[in-house]
Amino acid sequence: MSEKSSSSVSDEDADPESGQHVELGGVLSKWTNYIHGWQDRWVVLKNNTLSYYKSEDEREYGCRGSLCLSKAVITPHEFDECRFDISMNDSVWYLRAEEPEHRLQWIESIELHKAESGYGSETSLRRHGSMLSLTSAASAVSATSTSSFKKGHRLREKLSEMETFRDILCRQVDTLQKYFDSCADVVSKDEFQRDRVEEDEEDFPTTARPEGEPNHNNGSKEKLFSPASPKGMNGIDFKGEAITFKATTAGILSTLSHCIELMVKREDSWQKRVDKELEKRRRVEDAYKSALNELKKKSHYGGPDYEEGPNSLIKEDEFFDAVEAALDRQDKIEEQCQSEKVRIPRLTPVPPRDAYSTIGTHRFATKPRSHSSSSLSSVELVSASDDIHRFSDQAEEMVQDHMTYSLQDVGGDANWQLVIEEGEMKVYRREVEENGIVLDPLKATHSVKGVTGHEVCHFFWDTAVRMDWETTIENFNVVETLSDNAVIVYQTHKRVWPASQRDVLYLSAIRKILATNENDPDTWLVCNFSVDHDKALPTNRCVRAKINVALICQTLVSPPEGDKEISRDNILCKITYVANVNPGGWAPASVLRAVAKREYPKFLKRFTSYVQEKTAGKPILF
């Protein structure tokens, strides 16, 4: 994240009484997503909160996001000296400063704000969390208990029976108590009367009776102390009450035993439920810990740690699969666009020095000759006196190199490997790596009927129709027009995740090269090679790639029969396409080679088909 300007307020302006720093702001680069990558944002540190805005001028519209720093964790990146990450729970901000010193300044300021903040202590967080947990637990227990008792009809019935038995037993106990009290009163009265009779007998002894005479006093005594009948006291049936009491206590014991049995069963059922809930909770906790560990280990999926690079968290096979899937999606979108004719055809402007013309019976038109010596053997360069600019010498050197080496036959060169052969098209590759970066040169040869070399190079060079056939470009613009035949172009390519997005700044020049031998065809060439320009400097958003590409075309004409004019059936264009690309970053070699092998043939087919479609039925441009 780059800090384009210094902070608005320094640490020395802190308010000592408030215990907090005043506002601190500056421009940093923030990782947005894998499509837009790093974007400059105005970041403000105030009141223990880090906020960001799209720009300093848009602060009045409100922040786009904020992060409380009380529990935030600041992590300087292990490899990038300008990057630091701020994480809070599951939210992570990836930030980059322009220089390591700026990163250190921001980290120290944030840590100072955290240290002096009085908010978000562990105690308060723990307290609120406990209250929430207790409330939730109480609600859950209440709901569970109510539900359970609604189902426990048998237990409630048994409890009702026990209440009935209790009432009966209480009444029986009262009855028996009354009986026992009555019995106690009768016994007391009998003892009192017996004592009185014995005292009277001692004072007045009885006379002697002859034998056989009955003792009437004994009869009186028996009448006096006759035993009380069971129903004699208040009409209580003692035996019946005792039997009923015994039956009631037996019923209570039986009901209690049944209740205990039901409660044991209920306890077993609840224990099974508790064990099941504990097992669910254990599995959830294990899953949470696993996810948390993965989150800590890999950060956010799609974040900058998943970008291409030697320290990328994504594995090479996963990188390869992701790129393949993204390219497949782009192919489907392109096929749909072609089938629905979504693209609007554009008029193709003709360069000022070119005009469409027909050729009669002559195989070649009269061409001016250059007598200057050249190292290009059978070909000579057209005079570039009208194409003078500050890159002229570099452009001439590139053109000569391509004409010398790019047209050489690769059939006998063991360094070139034939990787694809489809009809007239052959693609060769030479494996080259430098500092772990794949720099494989590619060379493709193709033959296309019905078009000329001038037409093919014209459509390849003309920026007005670039977006009609090039599907890998996101946007492009002409940075500077050097001459009628040379422009400087800046273009960004569509991102294929997890690879970083690429941009290219290059000079594109088109040339016609005359053959010194009258029997040889003229050659048209478009050369694209990377240059530097003040209006298109490298940015953090894209990785700047370096290219040296040439499209070399020669037109072969088969003479028509008789005096017929040459038609498109009589012409054939031989195409040689050479590409030397430095991707400018790091990606697995297997991925880069697989993508090149897949995309270059598709590009040639797509482009040549477009040229054939655009030139069909039009005058031939030699």
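Each chain carries its own residue numbering, running from 1 in the direction its sequence is written. pLDDT decides what is reported in this predicted model: residues at 70 or higher carry local features, side-chain atom pairs at 80 or more are listed and counted, and totals for whole chains, interfaces and linings draw on all residues regardless. Values reported for side chains reflect all heavy atoms of the structure, with hydrogen atoms and water molecules removed beforehand.

**Q** What exactly am I supposed to notice about the side chain of glutamine 491 here?
**A** The secondary structure listing takes helices from DSSP runs of H or I that are at least 4 residues long and strands from runs of E that are at least 2 residues long, numbered from the N terminus. Within the secondary structure, glutamine 491 is located in strand E15 (residues 486–493). Between N or O atoms, a polar contact is any pair within 3.5 Å; within protein, one atom must be a potential hydrogen donor and the other a potential acceptor, and residues adjacent in sequence are included only when both atoms are from side chains. Side-chain polar atoms of glutamine 491 contact the side chain of histidine 493, separated by 3.1 Å. Excluding residues that lie within four positions of it along the chain, glutamine 491 makes contacts with Arg466, Ile473, Asn475, Phe476, Arg502, Asp503, Val504 and Tyr506. The contact criterion used is simple: two residues touch if any of their non-hydrogen atoms lie within 4.5 Å.

**Q** Is there a simple way to think about helix H7 (residues 392–406) in this case?
**A** An α-helical turn contains 3.6 residues, so any two residues separated by three or four positions project in the same direction. The terminal C-alpha atoms of H7, which comprises 15 residues, lie 20 Å apart, in line with the 21 Å expected from a rise of 1.5 Å per residue. Among all positions in H7, only Ser392, Ala395, Glu396, Met398, Val399, His402, Met403 and Ser406 are buried. One face of H7 carries all of its buried residues, which in axial projection span an arc of 160 degrees. Exposed residues lying more than 90 degrees from the buried face of H7 are Asp393, Glu397 and Tyr405. The length a helix should cover is 1.5 Å for every residue beyond the first. In this scheme, a residue with accessible area under 20% of its type's maximum is buried, one over 50% is exposed, and one in between is partly exposed, where area comes from a 1.4 Å probe on protein chains only. Relevant arc is that of directions from the helix axis to the C-beta atoms, nothing else.

**Q** What is the right way to look at the sheet that holds strand E5 (residues 73–76) in this model?
**A** For sheets, the rule is that strands pair by backbone hydrogen bonds, running either parallel or antiparallel. Pairing within the open sheet is antiparallel, and its seven strands lie in the order E4-E3-E2-E1-E7-E6-E5. If you trace the sheet from one side to the other, it starts and ends with strand E4 (65–68) and E5, each paired once. Neighbour to neighbour, the strand axes of the sheet diverge by 35 degrees on average, direction disregarded. Two strands qualify as a pair provided DSSP detects at least 2 bridges between them. Note that strand E6 (residues 83–88) and strand E7 (residues 91–96) share six bridges and pair antiparallel. Counted as the bridge partner of isoleucine 86 is tryptophan 93 from E7. Only the stretch in contact is used when fitting a helix axis, every axis being a line fitted to C-alpha atoms; angles between N-to-C directions are given from 0 to 180 degrees.

**Q** So what exactly am I meant to see when it comes to the pattern of salt bridges here?
**A** Oppositely charged side chains can pair when the atoms bearing their charge come close. Whenever a carboxyl oxygen of Asp or Glu lies within 4 Å of a side-chain nitrogen of Lys or Arg, that contact is scored as a salt bridge. In this structure the tally under the stated criterion is 19 salt bridges. Its salt-bridge partner being aspartate 80, residue arginine 96 comes within 2.7 Å of it at the nearest N-O pair. Of this pair, arginine 96 sits in strand E7 while aspartate 80 is found in the loop between E5 and E6, placing the two residues 16 residues apart along the sequence. Judged by relative accessible area, arginine 96 falls into the buried class, the value being 17%. Between glutamate 470 and arginine 606 there is a salt bridge; the shortest N-O distance is 3.8 Å. Of this pair, glutamate 470 sits in the loop between helix H9 (466–469) and strand E14 (473–483) while arginine 606 sits in helix H10 (residues 589–615); the two residues are 136 residues apart in sequence, bridging distant segments of the chain.

**Q** It is not clear to me how the pairing of strand E3 (residues 49–53) should be interpreted in this structure. Could you clarify?
**A** When a strand is regular, its side chains alternate between the sheet's two faces. For E3, the tally of buried residues reaches four of five residues, placing the bulk of the element in the interior. Pairing geometry for strand E2 (residues 38–46) and E3, over five bridges, is antiparallel. Bridging from a neighbouring strand, leucine 45 pairs with leucine 50 of E3. Linkage of E2 to E3, two consecutive antiparallel strands, is achieved through a turn of two residues, within which asparagine 47 is found at a positive phi near 50 degrees. Bridge count between E3 and E4: four bridges; the pairing is antiparallel. Looking at the pairing, serine 51 lines up with serine 66 of E4.

**Q** How should I be thinking about the nonpolar core in this particular structure?
**A** The tendency in soluble globular proteins is for nonpolar side chains to be buried as a group. Core analysis: the biggest nonpolar cluster contains 40 residues, and Val456, Phe460, Leu551, Tyr577 and Phe607 have the highest contact counts within it. It is H10 that contributes the most residues to this core, seven residues altogether. If sequence neighbours within four positions are ignored, valine 456 has contacts with Val451, Leu551, Cys553, Cys573, Ile575, Phe607 and Val611. We call a set of buried residues a nonpolar core when its members are Ala, Val, Leu, Ile, Met, Phe, Trp, Tyr or Cys and they connect through side-chain atoms within 4.5 Å of each other. By size, the runner-up hydrophobic cluster in this structure holds 21 residues, among which are Val399, Met403, Tyr490 and Ala536.

On their own, these measurements won't tell you what the molecule is for.
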